[in-house]
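# An overview of the molecular structure
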Amino acid sequence: MKTAQGSWEKFDDYVVDFALEAATAGKRFALVTLVRIEGASPRALGAQMAVTEDGEWVGYLSGGCLERTIVTEAINTIEAGRSRRLRFGEGSPYFDIQLPCGSALELYFDVEQGRQDLETVQAALAERHEAVLAFEDRDEKTASDICFRIGYLPRRRLIVLGTGPVAVLLCRLASAAGFEVELFTNDEPTLIFGREAGAAGALLSSPRRLPDLRIDRRSAVAFLFHDHDWEEELLPVVLGSDAFYIGAIGSRKTHDRRVQNLKERGLADAAIARIHGPAGIFGGSKSAADIALSILSQIVQLDPHGRDDRLDEVPRDAARRTARLPVISAYQGPTP
């Protein structure tokens with residue numbers, strides 16, 4: 001992901017777009033994937049870095065102790081022109097590189113991934129579909145009849161519906177955390193500041209003229225209206241969606257009234273129970289920044305894919321057949 005200034009976000013979980021830009025510019029690159037963990041690891045299986053032949057990189061595979069070495073080894077692999085697997089930590093031939101946690105990691109340095117496959121993944125993610133890349137480990141020392149697939153889910157999306165400082169600061173925090181952020185508000189200054197904070201957005205003209213929210217199962221929705229009349233039409237729509245998180249601000253009494261209003265409108269208890277109200281993991285704060293942080297923390301905490309591995313070892317022929325098919329259980333995210 002590129003920043004507003006046009007530079008690449010170094011510690012991003014999504015590296016395919018960076019690799020694709022390098023390939024388009026004619027640069028050689030390596031995709032480095034975490035394929036084995038022995039002991040503890042700050043990253044999940046399937047985490048990746050992308051490194052170009054001139055040493056530019058995006059992604060991370062450790063807590064900061066390996067990245068410089070990974071870049072060097074990636075450049076060496078690019079120069080050699082052959083993919084390989086390297087072990088770091090306990091049992092590694094690199095005895096001078098020890099992981100602080102005493103564990104061991106194996107990384108696969110791939111320099112043969114084609115541009116067309118990267119374009120396929122990127123196009124799928126842009127349409128918010130799942131995608132997969134297949135890798136073949138040709139090292140004779142490993143199981144030659146096994147390869148692996150890396151699954152990619154679309155970035156998490158946060159849809160902010162509301163006005164004021166909390167809405168703007170939530171947009172800023174979520175954007176910095178790698179979310180796609182969309183802001184819908186009935187307040188023009190909020191929209192202006194929200195866009196400056198990294199959100200795409202639109203102005204709401206009437207509670208009865210609903211925007212196209214494009215909510216999918218990688219979407220979280222936060223209601224931040226102080227005039228809760230705006231919720232009456234929007235909440236039932238969101239409750240009928242696949243959003244993995246729905247939160248709404250307001251006191252407990254406000255939430256009780258919200259629940260009662262939805263019941264009177266005929267919504268089922270199970271649907272109403274999806275609302276986290278008051279939104280956030282802690283209450284009572286009077287700081288807009290703290291409230292925004294509290295809500296974003298709850299969203300990340302409740303992400304159903306937040307702790308998933310995204311690496312899947314499969315028979316080589318199966319990987320070839322399914323290289324461009326969705327991997328339903330795959331994870332691509334904070335890691336975003």
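Calculation notes
Residues numbered from 1 in each chain as written. Predicted model: local features only at pLDDT ≥ 70, side-chain atom pairs only at ≥ 80, totals over all residues. Heavy atoms only, no water. 1 Å grid on protein atoms, 1.4 Å probe; cavity = no way out; pocket = protein on both sides within 12 Å on 5 of 7 lines; lining within 4 Å. Points joined across faces, edges and corners; volume = space filled by probe spheres on them. Helix = DSSP H or I, 4+ residues; strand = E, 2+ residues; numbered from the N terminus. Nonpolar A, V, L, I, M, F, W, Y, C, P; charged D, E, K, R; others polar. Buried < 20%, exposed > 50% of the residue type's maximum accessible area, 1.4 Å probe, protein only. Polar contact = N/O pair within 3.5 Å; in protein donor to acceptor, adjacent residues only side chain to side chain. Contact = heavy atoms within 4.5 Å. Phe/Tyr/Trp six-rings, centres within 6.5 Å; stacked < 30°, edge-to-face > 60°. Pairing = 2+ DSSP bridges. Right-handed = clockwise from strand over helix to strand, strands pointing away. Salt bridge = Lys/Arg side-chain N within 4 Å of Asp/Glu carboxyl O.

## Some thoughts on the layout of surface pockets
- When its volume is computed, the largest pocket comes out at roughly 460 Å³.
- Taken together, 20 residues line the largest pocket, and the ones lying closest to its centre are Gly250, Pro278, Gly284, Ser285 and Ile291.
- Here the lining of the largest pocket takes three residues from helix H9 (residues 288–301), the largest share from any one element.
- In terms of residue class, the lining of the largest pocket is built from nine nonpolar, nine polar and two charged.

## A word on the side chain of threonine 190
- Looking at where threonine 190 falls in the secondary structure, it is placed in helix H5 (residues 188–196).
- For threonine 190, a relative accessible area of 3% puts it in the buried group.
- At 3.0 Å, the side chain of threonine 190 and the backbone nitrogen of glycine 164 are in polar contact.
- Here the side chain of threonine 190 touches aspartate 187 through a polar contact of 2.6 Å, side chain to side chain.
- If near-sequence neighbours (up to four positions away) are discounted, threonine 190 is found in contact with Gly162, Thr163, Gly164, Ala167, Val168, Leu183 and Thr185.

## Here we look at the packing of aromatic side chains
- What the rule picks out here adds up to six aromatic pairs.
- Note on tryptophan 8 and phenylalanine 18: the rings are 5.4 Å apart at their centroids and 85° apart in plane angle, and the pair reads as edge-to-face. Of the two residues, tryptophan 8 sits in the segment before helix H1 (16–24) while phenylalanine 18 sits in helix H1, which places them 10 residues apart along the sequence. Take tryptophan 8 and phenylalanine 18: they sit in the same class, and that class is buried.

## Section: the pairing of strand S12 (residues 245–248)
- Along S12, one buried face is formed by Tyr245 and Gly247 and the opposite face, lined by Ile246 and Ala248, is buried too.
- Both strand S11 (residues 219–224) and S12 contribute to a ladder of four bridges, which runs parallel. Each residue of the ladder has a partner; that of alanine 220, found in S12, is tyrosine 245.
- Where the polypeptide runs from S11 across helix H6 (residues 231–239) and back to S12, its parallel neighbour, the crossover connection is right-handed.
- Pairing analysis gives two bridges linking S12 to strand S13 (residues 275–276), with the strands arranged parallel. Counterpart to glycine 247 in the pairing with S13 is histidine 276.

## Some thoughts on the pattern of salt bridges
- One pass over the structure, following the stated rule, counts 23 salt bridges.
- Measuring nitrogen to oxygen at the nearest pair gives 2.3 Å for the salt bridge that ties arginine 214 to glutamate 182. One end of the pair, arginine 214, is in the loop between strand S10 (200–203) and S11; the other, glutamate 182, is in strand S9 (residues 180–185), with 32 residues separating them in the sequence.
- Residue classification places arginine 214 among the partly exposed positions, given a relative accessible area of 45%.
- We classify glutamate 182 as buried; its relative accessible area is 11%.
- Residues aspartate 303 and arginine 218 are paired through a salt bridge, measuring 3.5 Å at the closest nitrogen-oxygen approach. On the criterion of sequence distance, the pair formed by aspartate 303 in the loop between H9 and strand S14 (311–315) and arginine 218 in the loop between S10 and S11 is long-range, its members being 85 residues apart. For the pair shown, aspartate 303 and arginine 218 are each scored as buried.
- Bridged by salt links that share partners, the residues Arg36, Glu38, Arg85, Arg87 and Glu106 form one connected network.

## Focus: unusual backbone geometry
- Following glycine 277, the chain continues into proline 278 via a peptide bond in cis, with omega recorded as -5°.
- Position of proline 278 relative to the elements: it lies in the loop between S13 and H9.
- The residue arginine 128 is not glycine, and still its phi comes out positive at about 60°.
- Assignment of secondary structure puts arginine 128 in the loop between helix H3 (115–126) and strand S6 (131–135).
- Look at arginine 214: it is not a glycine, yet its phi comes out positive at around 50°.

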